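Topology and contacts: notes
These are the residues of each chain, in order.
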Amino acid sequence: MANRQTPLPDVFYALGDPTRLAIVGALGRGPASVSALAAPFAMALPSFMKHLSVLERSQVIRSRKVGRVRTCELVPKTLTQAHSWLAEQRALWEARSDRMASFVEQLHQEDLSHEQPARRHA
């Protein structure tokens, strides 16, 4: 399972919840125990564990248990895949936006060139 690529919809679903997004933000500072991650949230531990389960299934985080302590950490490869996809989409939309701006500027210049001869004859 560690070698399979996580489908991006699963990753974005996992990141689409404010609680899970906050967990990812906390783990961005480094690995943390489940109890440390759960502390800021006003919810029962079983509910919090469901959020961790979604993040683990989407391979955004992984956890390991040593003794009685379960520690979670980010999976950089999964987040890099999501970042790469977003960067590709951004490049596409920026290129489209640039083409649209050029087209609008061209239309504006054409309008100006048509208006100038009309003003001279007036």
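Anything mentioned here points back to the structure above.
How each quantity is defined
Residues numbered from 1 in each chain as written. Predicted model: local features only at pLDDT ≥ 70, side-chain atom pairs only at ≥ 80, totals over all residues. Heavy atoms only, no water. Helix = DSSP H or I, 4+ residues; strand = E, 2+ residues; numbered from the N terminus. Rg over C-alpha atoms; globule rule 2.2 N^0.38 Å. Buried < 20%, exposed > 50% of the residue type's maximum accessible area, 1.4 Å probe, protein only. Contact = heavy atoms within 4.5 Å. Areas by Shrake-Rupley, 256 points an atom, 1.4 Å probe, with all protein chains shown as cover. Lys, Arg positive; Asp, Glu negative; His and termini not counted. Charge placed at Lys NZ, Arg CZ, Asp CG, Glu CD. Salt bridge = Lys/Arg side-chain N within 4 Å of Asp/Glu carboxyl O.

Considering the overall build of the protein chain
Along its length, the protein chain carries five helices and three strands. Secondary structure elements of the protein chain, listed N to C terminal, follow the sequence α-α-β-α-α-β-β-α. The C-alpha radius of gyration computed for the protein chain amounts to 25 Å, which surpasses the reference 14 Å derived for 122 residues by more than 25%, pointing to a less compact arrangement than a globule. Principal axes of the C-alpha set define a box for the protein chain whose edges measure 90 × 35 × 20 Å. Counting the 122 residues in the protein chain, one finds 26% classified as buried. Pairs at least 24 residues apart make up 54% of the contacts formed inside the protein chain by residues separated by at least 6 positions. Carbon and sulfur atoms make up 58% of the accessible area of the protein chain, which amounts to about 8,800 Å² in all. Across the protein chain, 16 positive and 11 negative side-chain charges occur, with their mean positions spaced 17 Å apart.

Notes on unusual backbone geometry
Non-glycine residue Gln-59 carries a positive phi angle of around 60 degrees. Counting through the fold element by element, Gln-59 comes out in the loop between helix 4 (45-57) and strand 2 (61-66).

Quick notes on the pattern of salt bridges
In a structure, side chains of opposite charge can pair up when their charged atoms sit close to one another. A complete count under the given rule lists three salt bridges for this structure. Between Arg-90 and Glu-94 there is a salt bridge, with the nearest N and O atoms lying 2.9 Å from each other. Residue Arg-90 and its partner Glu-94 are both found in helix 5 (residues 76-121); the two are separated by four residues, about one turn of the helix. On the basis of relative accessible area, Glu-94 is assigned to the partly exposed category, the value being 40%. When salt bridges with common partners are traced through the structure, they connect Arg-62, Arg-64 and Glu-73 into a single cluster.

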